[in-house]
Amino acid sequence: MWFLPDDAQREFARSLNALLTAADTPAVSRAWAAGDTGPGRRLWTRLADLGVFALAVPEAYEGVGPLPVELALAFTELGRHAMPGPVVETVAAAAFLDRLGDGTGTAAGDWLPGIASGKTVASFCVVTGGNPYALDAADADAVLVVDGDTVRIAESTGPVQPSADPARRLARPLGGTVLARGPRVTAAAAHAADVAALATAAQALGLGRALLAHTVEHVRQRTQFGVVIGSFQAVKHRLADTLIGLEFAEPLLYAAALGLAAGDAADIPAAKVSACEAAYAAARTALQLHGALGYTDELDLSLWMRKARALRSAWGSPADCRARVLEGARA
Amino acid sequence: MDLDLSPADEAFRAEARAWLAAHVPRAPLPSLETAEGFAAHREWERELAAGRWSVVSWPEEYGGRGASLLRWLLFEEEYYAAGAPGRVSQNGINLLAPTLFEHGTPEQLARVLPDMASGRTVWAQAWSEPEAGSDLASLRSTAVRTGGGTSRSSGAESGRGWLLSGQKTWSSRAAFADRAFGLFRSDPAGAAGGKPHRGLTYLMFPLDADGVTVRPIGRLDGKPAFAEIFLDEVFVPDADVIGEPGQGWRVAMSTAGNERGLTLRSPGRFLAAADRLVALWRERADPADTALRDRVADAVIGARAYQLFTYGNASRIAAGGTLGAESSLNKVFWSEYDITLHETALDLLGPCGELADTAQDAPAHGSWAEGYTFSLAGPVYAGTNEIQRDIIAERLLGLPKGRR
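Position numbers for residues start from 1 in each chain and track the written sequence from start to end. Working convention: letters from A go to chains and numbers from 1 go to ligands, in the order in which they are written. Per-residue local features are limited, in this predicted model, to residues with pLDDT of at least 70; the limit for side-chain atom pairs, both in listing and counting, is 80 or more; totals at the level of whole chains, interfaces and linings are taken over all residues. Based on all heavy atoms of the structure, the side-chain values leave hydrogens and waters out of the count.

1. Observations regarding the overall build of chain B
Stated formally: Think of it this way: any DSSP run of H or I at least four residues long counts as a helix, any run of E at least two long counts as a strand, and we number them from the N terminus. The reference for a compact globule is 2.2 Å times residues^0.38; the radius of gyration itself is calculated from the C-alpha atoms. In this scheme, a residue with accessible area under 20% of its type's maximum is buried, one over 50% is exposed, and one in between is partly exposed, where area comes from a 1.4 Å probe on protein chains only. In what follows, residue pairs with any heavy atoms lying within 4.5 Å of each other are defined as contacts.
If you tally the helices and strands in chain B, you get twelve helices and eight strands. Its C-alpha radius of gyration of 22 Å places chain B within 12% of the 22 Å reference for a compact globule of 404 residues. Taken over the C-alpha atoms alone, chain B extends approximately 70 × 50 × 45 Å along its principal axes. Put simply, chain B has 404 residues, and 54% of those count as buried. Counting only contacts in chain B whose residues sit at least 6 apart along the sequence, the fraction spanning at least 24 positions is 71%.

Listed below in structure tokens is the structure:
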């Protein structure tokens, strides 16, 4: 047993972190929120060059995956930098098409190489799960919509429905032609939803890490009553609890990824709810400890806070995840 | 990264499972915080030791199996899954033994460890004093050098050693234990000079010696789970000093790291408790009560998270790393988790949730009620959770020291 990322995995995460740190993601995110996806698409391509999207695409379609552990590490970095765009939905679409394989006619061959190279930005939604929206559907090159045992490629989208996270542009996918039908669609959609939940959990963990780091930095500088506020026990203890939440969510994420690699999704709901709760708690801590400044949209950290709120509801609500945990529990 | 067990690890796990299946008492033992239960638990320690399962991580020469940290974790998972009794020797095995392995002499190891492994000697800890709790370094009990001569309290001849005086309190297991270990002020100059961590000495002493008075203290449910220890010139030979005289703080802190680290509460204990909670929920709960369902799910998630977090730390240690302030994350997590889990169980029990563990009708032989009472002490002992959060904030997050 070696239950820690190995050197190559750490190096991969470091290289992504370096790329995203230099990319000014708050500006990219604000542009994306305003409908200017150019900077986001350019960054998307550079992430693809480092192999991020190829992790979800098998070698037969010019990818290197599926590699769930590396995917989890990569999405932690995307979350750490609040990368905008349908990153989760794109890898979920890839997992769906891969699992459906020949059942899609030429769709897997049509879309997967482009997803791996970063040329294709996809969105994906399962309307039978109760979610009628596809993330960034209006700006995606392909929108896959699963409804019961059918999947179609949407023709158009309804108006953008603003999200708690301004960089998440939700829309209802409309129309389109049926791509495939049958139990294989349902099974592939369930698998894709697991991949999406894993990637969302990873994104949330990264968001939470960044929220904590920025808040620690703030309380080490902000002075009141003649001392830095980070010297107050009430402040320290809240930050300590935030760290505990994140530290205990991380191993669940890794175990969920290892499980998925072995075809076992048992740890995914626990990872999803724990990482999203920890990230949301980090957002609440960040909001509180930044004072009134934390309640402004001007503060870049608000992009992280608002995404943490949105991700709680995406790809498995807290209640859904907890119910699934008990379905799979022993005894 | 992987979670795979080697064939040898699997074989070890299977051997433990088979032995436990054949030996774990069918009916639960009486509470170990009673005289009768203490004796029964001591007898169980003897049986465990006879199978060489009482201290699996120790070297073979002292009764162990030289098991790796991972195998210790596997053993603990099997141990609690089998419904085996709580460990009356826990203070000695988890707190004193690691200190002896690091600082003890070969003579001390050979004299102390085998009897600890077999339950022949059960150890109590003696850290806190009436005026020294979280601020442990302010302790006042003294160890005074004696060059041989007569003890004032006993009149007996003594060799070269130390005379211990003062008062210890909140000493877990001391009501029935044989010996105790703790810190004593051997050089008052340190405290007088504003350096209270200096001049402390780590000593072991018998609880039945002349000059020792043990006054049991009833915990919240009345059971004498801890005690006050009054010491009046109790003679202790040099052979029972651990490490160098005056270096006790440094020596003790190696124990504190262990206590808060991996060994005090193994994940196996919580995995087994979470499994029992799920069984109770399936048996008793209204499926429409999703609020309770969510709490049960959180207990399952928490046990799994703690297990995996510990596997990660075991990998880190196997690679030559150490646990420092990170062990404070552990301590806060398990101590609060333990209470939440038991609160959920008691809520599931409905009107029976208020029954004491001693009630004839108490569900599950009173194990939920007993476990709940036991869990309530967790955030207080082994360094309060307030102190742990200070450590996390200052040493892991880099925040400045402030007023306590």
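Further notes follow.
2. Some thoughts on the sheet that holds strand β2 (residues 134-135) of chain A
Residues and elements named next belong to chain A. Selection rule: One bridge is not enough; two strands pair if DSSP finds at least two bridges between them.
Read from one edge of the open sheet, three strands run β2-β7-β6, paired in antiparallel fashion. Two strands lie at the open edges of the sheet, namely β2 and β6 (161-162), each paired on one side alone. Sheet analysis places β6 next to strand β7 (residues 169-171), joined by two bridges and oriented antiparallel. What sits directly across from Pro162, in β7, is Arg169.

3. Comments concerning the environment of Ala255 of chain A
Note on placement: Ala255 of chain A falls in helix α8 (residues 233-261). Between the C-alpha atom of Ala255 of chain A and that of Ala271 of chain A, which follows or precedes it by 16 residues, the distance is 8.3 Å.

4. Examining the packing of aromatic side chains
All names here are of chain B. The condition that has to hold: For Phe, Tyr and Trp, where Trp contributes only its six-membered ring, two rings pair if their centres lie within 6.5 Å, and the inter-plane angle classes them as stacked under 30 degrees, edge-to-face over 60, or tilted in between.
Here the structure, examined in full by the defined rule, presents 28 aromatic pairs over all chains. Residues Trp19 and Trp44 carry aromatic rings whose centres are separated by 6.1 Å and whose planes lie at 40 degrees to one another, so their mutual orientation is tilted. Note that Trp19 is positioned in helix α1 (residues 7-23) and Trp44 in helix α2 (residues 35-50), a separation of 25 residues in sequence. Given the relative accessible area of 13%, Trp19 is considered buried. Here Trp44 falls in the buried class, since its relative accessible area comes to 3%. Both rings, one in Trp334 and one in Tyr381, keep their centres 6.4 Å apart while their planes meet at 40 degrees; by these two values the pair is tilted. With Trp334 in helix α10 (residues 326-348) and Tyr381 in the loop between α11 (367-376) and α12 (385-396), the pair connects residues that are 47 residues apart, well separated along the chain.

5. Quick look at the side chain of Lys331 of chain B
Definition in use: Under the rule applied, a polar contact is a pair of N or O atoms within 3.5 Å (in protein, one hydrogen donor and one hydrogen acceptor; residues adjacent in sequence only if both atoms are side-chain atoms).
Counting through the fold element by element, Lys331 of chain B comes out in helix α10. A distance of 2.9 Å separates a polar atom in the side chain of Lys331 of chain B from a polar atom in the side chain of Asn385 of chain B.

6. Observations concerning the pattern of salt bridges
Residues and elements named next belong to chain B. Rules: Definition used for salt bridges: Asp or Glu carboxyl oxygen within 4 Å of a side-chain nitrogen of Lys or Arg.
Counted according to the given criterion, the structure contains 43 salt bridges over all chains. Taking the shortest distance from any N to any O, the salt bridge between Glu33 and Arg219 comes out at 3.9 Å. Taken as a pair, Glu33 in the loop between α1 and α2 and Arg219 in the loop between β6 (212-217) and β7 (226-237) lie far apart in primary sequence, 186 residues in all. Of the two residues examined, Glu33 and Arg219, each falls in the buried class. For Arg145, the salt bridge identified is with Asp238, shortest N-O distance 3.0 Å. Placement of the pair is Arg145 in strand β2 (residues 142-150) and Asp238 in the loop between β7 and β8 (241-242), with a sequence separation of 93 residues. Since its relative accessible area comes to 36%, Arg145 is described here as partly exposed. Counted as one network, the salt bridges with shared partners bring together Glu33, Arg173, Arg219, Asp221, Lys223, Asp357 and Glu370.

7. What to know about the environment of Gly51 of chain A
Turning to its location among the elements, Gly51 of chain A is positioned in the loop between α3 (38-49) and α4 (68-80). Taking C-alpha positions, Gly51 of chain A is 21 Å from His191 of chain A, a pair spaced 140 residues apart along the chain.

8. Some details on the interface of chain A and chain B
One frequent convention defines the size of an interface as the accessible area lost when the parts assemble. Convention followed: Once two parts are brought into contact, the accessible area they lose, counted with a 1.4 Å probe and summed over both, makes up the buried area. Throughout, the ten residues Ala, Val, Leu, Ile, Met, Phe, Trp, Tyr, Cys and Pro are labelled nonpolar, Asp, Glu, Lys and Arg are labelled charged, and all others, Gly among them, are labelled polar.
Contacts between the two partners involve 43 residues from chain A, matched on the other side by 48 residues from chain B. Here chain A meets chain B over a buried area of about 4,000 Å², counting both sides, of which 70% is carbon and sulfur. Considering only the side of chain A, the residues that lose the most area to chain B are Met1, Phe248 and Leu326 of chain A, jointly responsible for 21% of the buried surface there. The tally of links from chain A across to chain B stands at four salt bridges. Looking at which element gives the most residues to the side of chain A that touches chain B, the answer is α8 of chain A, with 15 residues. A breakdown of the residues in the side of chain A that touches chain B according to their chemical character gives 28 nonpolar, six polar and nine charged.

9. Quick word on the UniProt feature "domain: Acyl-CoA dehydrogenase/oxidase C-terminal" (unreviewed entry) in chain A
The criterion, for reference: UniProt positions are given in the numbering used here, feature names are shortened, and annotations may be inferred rather than shown by experiment.
Under the present numbering, the feature "domain: Acyl-CoA dehydrogenase/oxidase C-terminal" (unreviewed entry) in UniProt falls on residues 189-317 of chain A. For residues 189-317 of chain A, the end-to-end C-alpha separation is 17 Å, with 75% helix and 3% strand making up the annotated structure.

10. Structural notes on helix α3 (residues 69-81) of chain B
Three or four residues apart is the spacing at which side chains of an α-helix point the same way, because the helix has 3.6 residues per turn. All names here are of chain B. Condition: Take the residue count of a helix, subtract one, and multiply by 1.5 Å to get its expected span.
Here α3 spans 18 Å end to end across 13 residues, near enough to the 18 Å set by a 1.5 Å rise per residue. Most of α3 is tucked away, with ten of its 13 residues classed as buried. The inward-facing, buried residues of α3 abut α1, α2, α8 (267-284) and α9 (290-318). Two residues or fewer past α3, Gly83 is found with a positive phi of approximately 75 degrees.

11. Brief notes about the UniProt feature "domain: Acyl-CoA dehydrogenase/oxidase N-terminal" (unreviewed entry) in chain B
According to UniProt, the feature "domain: Acyl-CoA dehydrogenase/oxidase N-terminal" (unreviewed entry) maps to residues 7-119 of chain B in the numbering used here. The span residues 7-119 of chain B is 65% helix and 0% strand, and its two end C-alpha atoms sit 32 Å from each other.

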